[in-house]
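An overview of the molecular structure
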Amino acid sequence: MTTPLDPAARELVSGLAARARTAARELALLPRGRKDAALRAMADALEAATDEIVAANAQDVRRESAAGMRANLVDRLTLTPERVAACAQGLRDVAGLPDPVGDVVRGSTTPTGLQVRQVRVPMGVVGMIYEARPNVTVDAAGLALKSGNAAILRGGSAAEHSNRILVQVLRAALRDQGIAEDAVQLLDAPGHDPVRALMTARGELDLLIPRGGAGLIQTVVTESTVPTIETGVGNCHVYVDAGADLDMAERIVVNAKTHRTSVCNAAESLLVHEAVAPQALPRLLTALARAGVTIHAPAELREVTEAAGAPWVEATDEDWATEYLSLDLAVRVVPSLDAALEHVRRWSSGHTDAIVTEDRAAARRWVQEVDSAAVMVNASTRFTDGGELGFGAEIGISTQKLHARGPMALEELTSTKWVVEGDGQVRG
């Protein structure tokens, strides 16, 4: 039986949502120039407050490190001056992108003379629940503003000091620009009840986006009464085909696994075609060993793994399903492209899966048959990112198929409405 919701939590969220709705009405009417100026002002304000932001973040990092947070999660949590500057640049990048609001998706004239247009409009009030990644606070605020939406943000408690100062800085910049500061609000109250209130604020929020681990996402998707966009975990694969260039394969595999392990587009599984395994595995595993990667593989790969200098752990079905977010990689030799496709169909989370091959027919089959949000050919999985794909920042990677799929940026934060203009027509 569900515990009754604390009325104070419901009242808190309703108040935030009401203020956000008022701000959203203002944002929907703002011309692009005002929104872009506000985004640049927010970027400048972040850089000016770098010392305060880093100091607040250091409190969170010290507390969570002392509490035993895993190193890769501490990395996600940490803000350095360089990372603050990157957040600011992300806002400037968003300012430089076209404004989706008002775009005509399609239009026509009916036989009765009606002028029909489908036009992009803001969602309205967008809520976001996410874990200890304070950069998401900035990305979400910036994308919401540019797309004409007000944002209610609920970051993980591990980043409470970081999120608090970031939102203070962003709201002050909006206020200085003459824009309603309630366009960005932080649900800054402890406990699960405020989160439950946000998830069940149907009619007050227009959209809720979870971003984080599988547990968080599943909780929001199953318990929310507000429409959600599911951002999935990243059990991403790299498949080295029989037709692979092995120099290219080594670059891609090492980058996909080790460039940054704590992100959802890092590779977690490596498949190697048996035709190239005798040549490919020793060099790939040696390169991974140099980077400190532990290999999870069947017993028959133990000898080649240890000869390459990499730690070996015998793989089970759990390994093929795991998003490690660490210097661990599941490795398997497959007898054919069909076997690789079958493995991906069974174990992939539908985020990003890559093939390395010079065989164009194999590449075409991979693109056609892998049912993931992003499918890579001869490129690292790390490119599934809004900034890398030219969208500025991103609010998450959607692995569902309705409304939005893949990196979600400005267009994915809009809906459409139909505008129909006539000159007195009535339906017969």
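**Regarding the sheet that holds strand β4 (residues 150-154)**
Reading across the sheet, the four strands line up as β5-β4-β3-β6 and stay open at both edges, with parallel pairing between neighbours. Looking at strand neighbours, the two that pair on one side only are β5 (184-186) and β6 (207-211), the edges of this open sheet. Across the sheet, the axes of successive neighbouring strands diverge by a mean angle of 20°, strand direction being ignored. Inspection of the sheet shows strand β3 (residues 125-130) paired to β6 by five bridges, in the parallel sense. Residue G127 lies in a different strand from β6, and its bridge partner there is L208. Here helix α1 (residues 7-27) sits on the sheet and contacts β3, β4 and β5; the angle it forms with β4, its principal contact strand, is near 145°. Contacts from helix α9 (residues 214-223) reach β3 and β6 within the one sheet, and its direction differs from that of β6 by about 160°.

**Considerations on the pattern of salt bridges**
Using the criterion set out here, one finds 30 salt bridges in the structure. In this structure, R171 and D182 form a salt bridge, with 3.1 Å as the shortest nitrogen-oxygen distance. In this pair, R171 is assigned in helix α7 (residues 160-176) and D182 in the loop between α7 and β5, connecting sequence segments 11 residues apart. The salt bridge involving E369 is made with R345; its shortest N-O contact spans 3.8 Å. Of this pair, E369 sits in helix α15 (residues 360-369) while R345 sits in helix α14 (residues 337-347); the two residues are 24 residues apart in sequence, bridging distant segments of the chain.

**With respect to unusual backbone geometry**
In this structure, L325 is a non-glycine residue whose phi angle is positive, near 55°. Of note, L325 is situated in the loop between α13 (317-320) and β11 (328-334). Judged by relative accessible area, which is 11%, L325 ranks as buried. Positioned with a positive phi, N378 is a non-glycine residue whose angle comes to about 55°. Position of N378 among the secondary structure elements: in the loop between β13 (374-377) and β14 (396-398). Judged by relative accessible area, N378 falls into the partly exposed class, the value being 27%.

**Things to note about helix α5 (residues 81-95)**
Its 15 residues give α5 an end-to-end C-alpha distance of 21 Å, which sits within 8% of 21 Å, the value for a rise of 1.5 Å per residue. Turning to α5, its buried residues number three or more, namely V84, C87, A88, G90, L91, V94 and A95. For α5, the buried positions fall inside an angular range of 150° around the axis, keeping them on one side. Lining the buried residues of α5 we find α2 (32-48), α3 (50-66), α6 (134-146) and α7.

**Observations regarding the layout of surface pockets**
Taken as a whole, the largest pocket spans an internal volume of roughly 840 Å³. Among the elements of the structure, α5 and α6 are those that each provide at least two residues to the lining of the largest pocket. Ranked by residues supplied to the lining of the largest pocket, first place goes to α5 with six residues. If you add up the space inside the second largest pocket, you get close to 240 Å³. Around the second largest pocket sit 18 residues that line it, and R76, E131, G212, G213 and E323 are the ones nearest its centre. Only α4 (71-77) and β14 provide two or more residues apiece to the lining of the second largest pocket. Within the lining of the second largest pocket, the residues separate by chemical class into six nonpolar, five polar and seven charged.

**Overview of the pairing of strand β9 (residues 294-297)**
On a regular strand, one side chain projects to one face of the sheet and the next to the other, so that they alternate. Burial of β9 is two-sided: the residues T294 and H296 facing one way and the residues I295 and A297 facing the other way are all buried. Sheet topology places β9 next to strand β10 (residues 312-314); three bridges connect them, and they run parallel. Considered in β10, the bridge of I295 is made with W312. In terms of handedness, the path from β9 via helix α12 (residues 302-307) over to β10 forms a crossover that is right-handed.

**Description of the state of the cysteines**
Going through the model one piece at a time under the given rule, you end up with zero disulfides. Just so you know, C87 is unpaired, no disulfide at all, and the nearest cysteine sulfur is the one on C264, 16 Å from it. Overall, C87 belongs to the buried group, its relative accessible area being 10%. Residue C236 stays outside any disulfide, its sulfur separated by 6.8 Å from that of C264, the closest cysteine. On the accessibility criterion, C236 (0% relative accessible area) is buried.

**Re the nonpolar core**
Counting 75 residues, the largest nonpolar core has M42, L46, I152, L205 and I209 as its most contacted members. Among the elements that line this core, the one with the most residues is α1, at eight residues. Beyond its immediate sequence surroundings of up to four residues, L46 is in contact with I53, V84, C87, A88, L91, V138, L166, V169 and L170. Ranked by size, the runner-up nonpolar core spans 33 residues in total, among them V253, I295, A354 and M376.

What counts and how
- Residues numbered from 1 in each chain as written.
- Predicted model: local features only at pLDDT ≥ 70, side-chain atom pairs only at ≥ 80, totals over all residues.
- Heavy atoms only, no water.
- Pairing = 2+ DSSP bridges.
- Helix = DSSP H or I, 4+ residues; strand = E, 2+ residues; numbered from the N terminus.
- Axes fitted to C-alpha atoms, helices over the stretch in contact; angles between N-to-C directions.
- Contact = heavy atoms within 4.5 Å.
- Salt bridge = Lys/Arg side-chain N within 4 Å of Asp/Glu carboxyl O.
- Buried < 20%, exposed > 50% of the residue type's maximum accessible area, 1.4 Å probe, protein only.
- Expected span 1.5 Å × (residues − 1).
- Arc of directions from axis to C-beta.
- 1 Å grid on protein atoms, 1.4 Å probe; cavity = no way out; pocket = protein on both sides within 12 Å on 5 of 7 lines; lining within 4 Å.
- Points joined across faces, edges and corners; volume = space filled by probe spheres on them.
- Nonpolar A, V, L, I, M, F, W, Y, C, P; charged D, E, K, R; others polar.
- Right-handed = clockwise from strand over helix to strand, strands pointing away.
- Disulfide = S-S within 2.5 Å.
- Core = buried A, V, L, I, M, F, W, Y, C linked by side-chain atoms within 4.5 Å.

In short, shape yes, function no, at least from these values alone.
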